[in-house]
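An overview of the molecular structure
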Amino acid sequence: GESECTDCMPGTFSEKPGSTQCIPCAPGTYGSEPGSVTCTLCNAGKYSVDASSMTCTDCTAGTFSKPGKASCSMCTPGTYAEYAGSSVCSMCAAGTFSNRIGTDMCTPCKEGTYSAATGSVDCKVCMPGFYSSHSGSTVCNECHAGGYSNFSGASECMFCIAGKYSGDGASSCTNCSPGSYSDSV
């Protein structure tokens with residue numbers, strides 16, 4: 001017979017007295033010490049894919065995991081995980097978007113577009129009479145009186161020429177009526 005018992009190797013365990021063999025730690029768990037009676041769940045943001053793992057691995061940027069997982073999940077469109085080892089994905093901020101899975105950053109909306117809500121998967125185009133002059137806009141601005149934008153996605157408003165005028169949010173200029181004039185540009 002045996003003169004002594006042997007410790008289970010790291011990555012394995014035995015929980016019952018009188019065991020004749022050690023059991024591999026399941027995926028999503030690990031055993032870092034010899035002689036373990038149980039395996040430990042991988043922390044959130046980490047995973048172990050193989051049985052008998054001695055450590056857990058960080059999820060890559062753009063992915064996340066809950067505790068005890070054998071794999072990481074991709075962030076969904078409208079969300080991102082900037083760093084490795086994330087336990088959750090964050091919503092894209094207003095003014096940005098993500099239209100792909102597994103992204104580690106959101107993209108600012110370009111000039112002439114905007115996103116008002118967090119978690120956007122695309123940017124909306126500014127309508128005629130409105131504009132956004134910088135990337136990352138959360139709203140489109142109304143063209144002021146004397147100016148206009150006659151197409152969607154404008155990054156600036158144009159001025160009415162002499163003899164024409166406009167009110168706020170105009171998509172075109174109107175001719176001055178007989179008996180009136182406009183000489184400024």
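This text gives an overview of the structure that appears in the document. (Residues numbered from 1 in each chain as written. Predicted model: local features only at pLDDT ≥ 70, side-chain atom pairs only at ≥ 80, totals over all residues. Heavy atoms only, no water.)

With that settled, the discussion passes to the pattern of salt bridges. Here the structure, examined in full by the defined rule, presents two salt bridges. Where Lys 46 meets Asp 58, a salt bridge forms, and the shortest distance between an N and an O atom there is 2.7 Å. Within this pair, whereas Lys 46 is found in strand β5 (residues 46–47), its partner Asp 58 is found in strand β6 (residues 57–58), the two being separated by 12 residues in sequence. You can call Lys 46 partly exposed: its relative accessible area is 27%. A residue is classified by how much of its surface remains accessible, and Asp 58, at 37% relative accessible area, is partly exposed. In this structure, Lys 124 and Asp 122 form a salt bridge, with 3.3 Å as the shortest nitrogen-oxygen distance. (Salt bridge = Lys/Arg side-chain N within 4 Å of Asp/Glu carboxyl O. Helix = DSSP H or I, 4+ residues; strand = E, 2+ residues; numbered from the N terminus. Buried < 20%, exposed > 50% of the residue type's maximum accessible area, 1.4 Å probe, protein only.)

Positionally, Ser 32 belongs in the loop between β3 (29–30) and β4 (40–41). For Ser 32 and Asp 183, which are 151 residues apart along the polypeptide, the C-alpha to C-alpha distance reads 82 Å.

Here the focus is the state of the cysteines. This structure, assessed with the given rule, holds 10 disulfides. Paired through a disulfide, Cys 42 and Cys 56 show a sulfur-sulfur distance of 2.0 Å. Looking down the S-S bond of the Cys 42 and Cys 56 bridge, the torsion is -80°, so its handedness is left-handed. One end of the pair, Cys 42, is in the loop between β4 and β5; the other, Cys 56, is in the loop between β5 and β6, with 14 residues separating them in the sequence. With respect to class, Cys 42 is no different from Cys 56; both count as buried. Disulfide partner of Cys 109: Cys 123, at an S-S distance of 2.0 Å. (Disulfide = S-S within 2.5 Å.)

All right, on to unusual backbone geometry then. One non-glycine residue, Ser 52, lies in the positive phi region at around 70°. Its place among the elements puts Ser 52 in the loop between β5 and β6.

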